[in-house]
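What follows is each chain in one-letter form.
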Amino acid sequence: MSKKDPKSITVLSIDGGGILGLYSANILKHMQEDLFGGTPFSEHFDLVTGTSTGGIIALGLASGRSAEDIVDFYYKYGGCIFPKKSFVAQLIGGLTSGIYSNRALTSCLDKFFKKTKVSECAMKFCVPSIDVSEGKSLVFKTNNSGTQTRDDEVLLKDIALATSAAPIYLPMHTFGCYSALADGGLWQNNPSLIGLIEALTSMNAKSVKVLSIGNPLSKIKESVVNKENRNGFFSWHKKLVTLPMKVSSNATDYIMNILLRNQSMNLDRYLRIVHNNIADQNRDLSMDNASESAMNRLIELSDKDYNEYKEKILNFFKEEE
């Protein structure tokens, strides 16, 4: 199932979504074990892109970690990164530096990535963030064109902290010449377009295939406007982040499907894997619900969805005759 045509670039894209990344990681675990025979993702994809929690997954795969390692990361550290807090504690944190401290996340990423640098990765990647101090988007990347050396010495843990610094949830990240970096999900929560553009511009692709891994976030119903038509912070709270992320993911999916239908930008194939049926018992799933029951349900949902999407995934990799 490894790639053969050097002019065709195969991209793996992974959405943001906090602890919901466990869903995406488990889908990838099934793929690696069931379809790839345990071989690295670098043998099947030319480029991986991910945002926020998807960025952590992308960086893990790019550094050579297995999808199983990443699933274990969520189970081992999820509760430490997102400890259970009362609504009042969440509110106070959201009004100051963030609901959660990034000390636990920093410690976990230190253990997971150690001192690995961008230049040491075996797989090409691009991971979005936002440079708040400059008011502009930012994409960290490997040397995908042969001349992109800006990030070669950057530690993977710093990119992971930058792309996952979701406002309200976690403090902004500072390192090197960057004084304030925030979650890339605010502009590209589904980074499929970033992967497509990178493949076309930096890697000179003649055709591109994009496999996009989402999570239940985009299908979990949220409502902001209530019967009193209040529109302040107390009405929005966490939805100031989660709702724009959903809109971003769904908008990118819409654009990618338009490009695919119109055979534009050399997009040859696009497959989006996302859970589409959130039952009532799963409506408490959220970016920061790291309870054991929530994580077990994410595993159940991803097990089910992998089986449903398996034939489509096989067709995605099938060589054209």
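The rules behind these values
Residues numbered from 1 in each chain as written. Predicted model: local features only at pLDDT ≥ 70, side-chain atom pairs only at ≥ 80, totals over all residues. Heavy atoms only, no water. Phe/Tyr/Trp six-rings, centres within 6.5 Å; stacked < 30°, edge-to-face > 60°. Helix = DSSP H or I, 4+ residues; strand = E, 2+ residues; numbered from the N terminus. Buried < 20%, exposed > 50% of the residue type's maximum accessible area, 1.4 Å probe, protein only. Core = buried A, V, L, I, M, F, W, Y, C linked by side-chain atoms within 4.5 Å. Contact = heavy atoms within 4.5 Å. Salt bridge = Lys/Arg side-chain N within 4 Å of Asp/Glu carboxyl O. Axes fitted to C-alpha atoms, helices over the stretch in contact; angles between N-to-C directions. Parallel < 35°, antiparallel > 145°, perpendicular 65-115°, else oblique. Left-handed = near helix turned anticlockwise from the far one by under 90°. Nonpolar A, V, L, I, M, F, W, Y, C, P; charged D, E, K, R; others polar.

1. Describing the packing of aromatic side chains
Moving on, step 1. If you walk through the whole model with that rule in mind, you get 14 aromatic pairs.
Moving on, step 2. Between Phe140 and Phe175, the aromatic rings sit 6.1 Å apart at their centres with planes inclined by 35°, giving tilted as the arrangement. One end of the pair, Phe140, is in strand S4 (residues 136-141); the other, Phe175, is in strand S5 (residues 173-175), with 35 residues separating them in the sequence. Across the pair, Phe175 and Phe140 agree in class, each one buried.
Moving on, step 3. With a centroid separation of 5.7 Å and an interplanar angle of 80°, the aromatic rings of Phe140 and Tyr178 are classed as edge-to-face. In this pair, Phe140 sits in strand S4 while Tyr178 sits in strand S6 (residues 178-183), placing the two residues 38 residues apart along the sequence. By the burial criterion, Phe140 is buried, and Tyr178 matches it.
Moving on, step 4. Members of the aromatic cluster, joined through ring pairs, are Phe36, Phe41, Phe45, Phe316 and Phe317.

2. A closer look at the nonpolar core
As a rule of thumb, soluble globular proteins bury nonpolar side chains together.
Moving on, step 1. By size, the foremost hydrophobic cluster in this structure holds 76 residues, and its most contacted members are Leu12, Leu28, Met31, Phe125 and Leu211.
Moving on, step 2. Broken down by element, this core gets its largest block of residues, 10 residues, from helix H11 (residues 292-317).
Moving on, step 3. Not counting the four nearest positions on each side in its chain, Met31 is found in contact with Phe36, Phe45, Leu211, Tyr306, Ile313 and Phe317.
Moving on, step 4. By size, the runner-up hydrophobic cluster in this structure holds 17 residues, among which are Ile9, Leu47, Val139 and Val208.

3. Focus on the pattern of salt bridges
Moving on, step 1. The full count for this structure, using the stated rule, is 9 salt bridges.
Moving on, step 2. The partner of Arg65 in a salt bridge is Asp69, with the nearest N and O atoms 3.3 Å apart.
Moving on, step 3. According to the relative accessible area criterion, Asp69 is partly exposed, its value standing at 28%.
Moving on, step 4. Glu308 is the salt-bridge partner of Lys304, the closest N and O atoms lying 2.6 Å from each other. Residue Lys304 and its partner Glu308 are located together in helix H11, separated by 4 residues, close to a single helical turn.
Moving on, step 5. Looking at Lys304, the relative accessible area reads 45%, which means it is partly exposed.

4. Points about the packing of helix H3 (residues 67-81) against H11
Moving on, step 1. The contact between H3 and H11 brings their axes to 10 Å, and the two run at 160°. In terms of orientation, H3 and H11 fall into the roughly antiparallel class. Read as a crossing pair, H3 and H11 show a hand that is right-handed. Of the residues in H11, those touching H3 at Val71, Tyr74 and Tyr75 are Met295, Asn296 and Ile299.
Moving on, step 2. Each residue belonging to the contact of H3 with H11 can be placed in one class, and the counts come to 5 nonpolar, 1 polar and no charged.

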